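Secondary and tertiary structure notes
Residues per chain are reported as follows:
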Amino acid sequence: MTPSQNAGALAFFEDLHPPKSRFLDDVLTGLAKRQKSIPPKHFYDAKGSALFDDITGTDDYYVTRTELGILDGIADDIAARAGKDTVVIEPGSGSSVKIDRLLNALDAPAAYVGLDISKDHLISACEDLAARYPGLTVGAICADFTQAVPLGEFPIPDGRRLVFFPGSTIGNFEPDGARSLLCRLRDWLRPGDAILIGADRVKSAEVLENAYDDQQGVTAAFNLNLLTRINRELNGDIDTGAFSHRAVWNAELSRVEMHLVANRDMQFTVSGQTFAMKKGETIHTENSHKFTIDRFTALAASADLSVKTHWSDDRGYFTLYWLERA
Ligand SMILES: C[S@@+](CC[C@H](N)C(=O)[O-])C[C@H]1O[C@@H](n2cnc3c(N)ncnc32)[C@H](O)[C@@H]1O
């Protein structure tokens, strides 16, 4: 299937965007902890999604380029495994950039469903995709995939499902959360369906830390935008200029951590609640776990998924896995 410039429209849009009260709860609870923390899903307002796209184009962020290269090399294999009339469901679809590789490889895909928490970004990416692939049924679901998503209630066409979960988004979760998310994705599968998932590999601390602290400062802007979002949406008065971005490889836990570091002692309020931070204290905003193939295979097995095959780039930086119900 090849893209065209004809106009297209969404076959359906389902809006399960979490209420603002959930963002507020997460922020108030996270800022009250000893090690302050806010879940990374809250990065993704419209600005955060646009900044993430910019990150993927930086020289230091090897992840997107590497995964796209692998996808290009395995197109025929994927097409053979997926078969005809596939229904592709992509959680955390973002700008739906990688999906072109998959759709172009597949034999007459029947439908594409993007699912993301970032509503406006999701709608425009899926409308854009519908315009590029006029023969394809394109739907969009705005939802938080850390909660149950009732796929059965939506008008998703019948057909063999391929759940496409690229970008190593699975790495944002601690082991228990990753297992729970994989279990939720597994529950979307019927007999014969599969998951194609990308997971970043363990590599040198230098490469990893540079990837999450690029020289152009885009990842720093992405991290700091969370504070701007809190100020705007949750009536905060945080001095965003008093924080800096830090990315550090935690070898023991096999993850890159992103933090917002207070550059001075300070107090601020969010929705009327006051918080104090000491100079040097941090808000932990993201983990990006890195996997060996063995560790990822064990994680999948813990969610009753078995790795049927996997593909990596020559440097062993990144791996895509084909998973089926064990
Ligand atoms: C790391 S980006 C990856 C984007 C794209 N899949 C890629 O491979 O480049 C994570 C994506 O998942 C979405 N996301 C993060 N947490 C989410 C959640 N809890 N529920 C739904 N979408 C989420 C973000 O909005 C963003 O588009």
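Anything mentioned here points back to the structure above.
**Quick look at the overall build of the protein chain**
- Across its full length, the protein chain carries ten helices and 14 strands.
- Against the compact-globule benchmark of 20 Å for 326 residues, the protein chain has a radius of gyration of 20 Å, which places it among compact chains.
- Based on the C-alpha atoms only, the size of the protein chain along its principal axes is roughly 60 × 40 × 35 Å.
- Per-residue burial over the protein chain gives 54% buried out of 326 residues.
- The long-range share in the protein chain, meaning contacts at least 24 apart out of those at least 6 apart in sequence, stands at 73%.
- Of the roughly 13,600 Å² of accessible surface on the protein chain, 47% is carried by carbon and sulfur atoms.
- Side-chain charges in the protein chain split into 34 positive and 46 negative, and the spacing between the mean points of these groups amounts to 4 Å.

**Observations concerning the site of the ligand**
- In the vicinity of the ligand there are 16 residues, among which Gly92, Lys98, Asp116, Asp144 and Phe145 approach most closely.
- One of the backbone N or O atoms of Gly94 is found 3.4 Å from an oxygen atom in the ligand.
- Between an oxygen atom of the ligand and a side-chain N or O atom of Asp116, the distance comes to 2.5 Å.
- Compared with its free state, where it exposes 590 Å², the ligand has 93% of that area covered by protein.
- There are two domains that each give the shell around the ligand at least three residues, and those are domain 1 (12-16 + 61-203 + 290-325) and domain 2 (39-57 + 204-289).

**Points about the environment of Ala303**
- Residue position: Ala303 is located in the loop between α10 (293-302) and β13 (305-312).
- Between the C-alpha atom of Ala303 and that of Ser93, which follows or precedes it by 210 residues, the distance is 22 Å.
- Beyond its immediate chain neighbours, meaning those up to four positions away, Ala303 contacts Arg179, Leu182, Cys183 and Arg186.

**A closer look at unusual backbone geometry**
- Even without being glycine, Asp85 reaches a positive phi, approximately 60°.
- Considering the arrangement of structural elements, one finds Asp85 in the loop between α4 (75-82) and β3 (87-91).
- Positive phi, normally seen in glycine, also occurs at Asn235, with a value near 55°.
- Summarising the element assignment, Asn235 is placed in the loop between α9 (218-233) and β8 (243-250).

**Here's the deal with the pattern of salt bridges**
- Inspection of every chain in the model, using the stated rule, returns 19 salt bridges.
- The salt bridge involving Asp15 is made with Lys119; its shortest N-O contact spans 2.5 Å. With Asp15 in strand β1 (residues 12-15) and Lys119 in helix α6 (residues 119-132), this pair connects stretches of sequence that are 104 residues apart.
- Classification of Lys119 as partly exposed rests on a relative accessible area of 27%.

**Side note on the nonpolar core**
- With 64 residues, the main nonpolar core has Leu102, Leu196, Ile230, Phe243, Phe268 and Val270 as its most contacted residues.
- Here the element with the most residues in this core is α9; it accounts for five residues.
- Both domains that meet at this core, namely domain 1 (12-16 + 61-203 + 290-325) and domain 2 (39-57 + 204-289), each give it at least three residues.
- Those residues in contact with Ile230 that sit more than four places away from it in its chain are Phe23, Val27, Ile38, Asn235, Gly236, Ile238 and Val270.
- By size, the runner-up hydrophobic cluster in this structure holds 35 residues, among which are Val113, Leu115, Cys183 and Phe296.

**So, the packing of aromatic side chains**
- Counted according to the given criterion, the structure contains 13 aromatic pairs.
- Seen in terms of ring centroids, Phe43 and Tyr44 are 6.3 Å apart; in terms of plane orientation they differ by 90°. Their pairing is edge-to-face.
- Directly above the aromatic system of Trp322 lies the positively charged group of Arg81, at a separation of 6.0 Å from the ring centroid.
- One residue, Lys203, lies across the ring of Tyr317, its end atom 5.1 Å from the ring centre.

**Quick notes on α10**
- All of the buried residues along α10 are Phe296, Leu299 and Ala300. Buried residues in α10, looked at end-on, bunch into an arc of 100°, giving them a common side.
- Packed against the buried residues of α10 are α7 (175-186), β7 (194-200), β13 and β14 (318-325).
- Trailing α10 by a residue or two, Asp304 shows a phi angle of about 55°, which is positive.

Here is what the cut-offs are and how they apply
- Residues numbered from 1 in each chain as written.
- Predicted model: local features only at pLDDT ≥ 70, side-chain atom pairs only at ≥ 80, totals over all residues.
- Heavy atoms only, no water.
- Helix = DSSP H or I, 4+ residues; strand = E, 2+ residues; numbered from the N terminus.
- Rg over C-alpha atoms; globule rule 2.2 N^0.38 Å.
- Buried < 20%, exposed > 50% of the residue type's maximum accessible area, 1.4 Å probe, protein only.
- Contact = heavy atoms within 4.5 Å.
- Areas by Shrake-Rupley, 256 points an atom, 1.4 Å probe, with all protein chains shown as cover.
- Lys, Arg positive; Asp, Glu negative; His and termini not counted.
- Charge placed at Lys NZ, Arg CZ, Asp CG, Glu CD.
- Near = heavy atom within 4 Å.
- Polar contact = N/O pair within 3.5 Å; in protein donor to acceptor, adjacent residues only side chain to side chain.
- Domains from an automatic or database assignment.
- Salt bridge = Lys/Arg side-chain N within 4 Å of Asp/Glu carboxyl O.
- Core = buried A, V, L, I, M, F, W, Y, C linked by side-chain atoms within 4.5 Å.
- Phe/Tyr/Trp six-rings, centres within 6.5 Å; stacked < 30°, edge-to-face > 60°.
- Lys NZ or Arg CZ within 6 Å of the ring centre and 35° of its normal.
- Arc of directions from axis to C-beta.

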